[in-house]
Amino acid sequence: MFRKILVPVDGSQLSQAAGEFAADLARQHGAQVIGVYVIDPFPYIGIGDASAVGLQAYLAEAKAAATQALEALRQACERRGVPFAGATIERNVVYEGILETCEAEGCDLIAMASHGRKGVQALILGSVAQKVLTHAKVPVLVVKPAAT
């Protein structure tokens, strides 16, 4: 049923759980997992050398986090014998980066975590998962945190 499953990762435990779930699903369907980590651009535009140093430090740390998150997903796929490809991209809007990757890679399912924010926190922070659900042209599987 599925050939390519896109798994957006952010390094969180929830993201890892969604990746494990997606890898199991991919194994059942003989599908490939495509991992993506979307880096937000450097949040501060300053003047002078301090800005350049800050940008380099920010990007180095963001790329290290992306590498670690994608490596965890790669290992989950490897343990299950599932083909994997991963990419780190930089976009101003995270959900748009996820949707662009989905289309570019020809994915037919997006499997992602939801942090389960509610109320005012969800309104203020927004929800990447909600925006992906709203705008995706393919099915979206949302892995939510267990009820506590």
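Definitions and limits used
Residues numbered from 1 in each chain as written. Predicted model: local features only at pLDDT ≥ 70, side-chain atom pairs only at ≥ 80, totals over all residues. Heavy atoms only, no water. 1 Å grid on protein atoms, 1.4 Å probe; cavity = no way out; pocket = protein on both sides within 12 Å on 5 of 7 lines; lining within 4 Å. Points joined across faces, edges and corners; volume = space filled by probe spheres on them. Nonpolar A, V, L, I, M, F, W, Y, C, P; charged D, E, K, R; others polar. Pairing = 2+ DSSP bridges. Helix = DSSP H or I, 4+ residues; strand = E, 2+ residues; numbered from the N terminus. Axes fitted to C-alpha atoms, helices over the stretch in contact; angles between N-to-C directions. Core = buried A, V, L, I, M, F, W, Y, C linked by side-chain atoms within 4.5 Å. Buried < 20%, exposed > 50% of the residue type's maximum accessible area, 1.4 Å probe, protein only. Contact = heavy atoms within 4.5 Å.

**Section: the layout of surface pockets**
Argument step 1. Size it by volume and the second largest pocket reaches roughly 150 Å³.
Argument step 2. Lining the second largest pocket we find 13 residues, and of these Gly-11, Ser-12, Gln-16, Ala-69 and Ala-72 sit closest to its centre.
Argument step 3. For the lining of the second largest pocket, the class distribution of residues is 5 nonpolar, 7 polar and 1 charged.

**As for the sheet that holds strand E3 (residues 84–90)**
Sheet strands pair via backbone hydrogen bonds, and the direction of the pair is either parallel or antiparallel.
Argument step 1. Strand order in the open sheet formed by 5 strands is E3-E2-E1-E4-E5, with parallel pairing between adjacent strands. Looking at which strands have only one partner, the edges of the open sheet turn out to be E3 and strand E5 (140–143). Neighbour-to-neighbour, the strand axes of the sheet open up by a mean angle of 20°, direction not taken into account.
Argument step 2. By the bridge criterion, 7 bridges tie strand E2 (residues 32–39) to E3 in an arrangement that is parallel. For Tyr-37, the partnering residue across the bridge sits in E3 and is Thr-88.

**Description of the nonpolar core**
Argument step 1. By size, the foremost hydrophobic cluster in this structure holds 21 residues, and its most contacted members are Ile-5, Val-7, Val-9, Val-33 and Tyr-37.
Argument step 2. Contributions of two or more residues to this core are made by strand E1 (4–8), helix H1 (13–29), E2, helix H2 (49–80) and strand E4 (109–113).
Argument step 3. The element that contributes the greatest number of residues to this core is H2, accounting for 6 residues.
Argument step 4. Excluding residues that lie within four positions of it along the chain, Val-7 makes contacts with Gly-19, Ala-22, Val-33, Ile-34, Gly-35, Val-36, Leu-73 and Ala-111.

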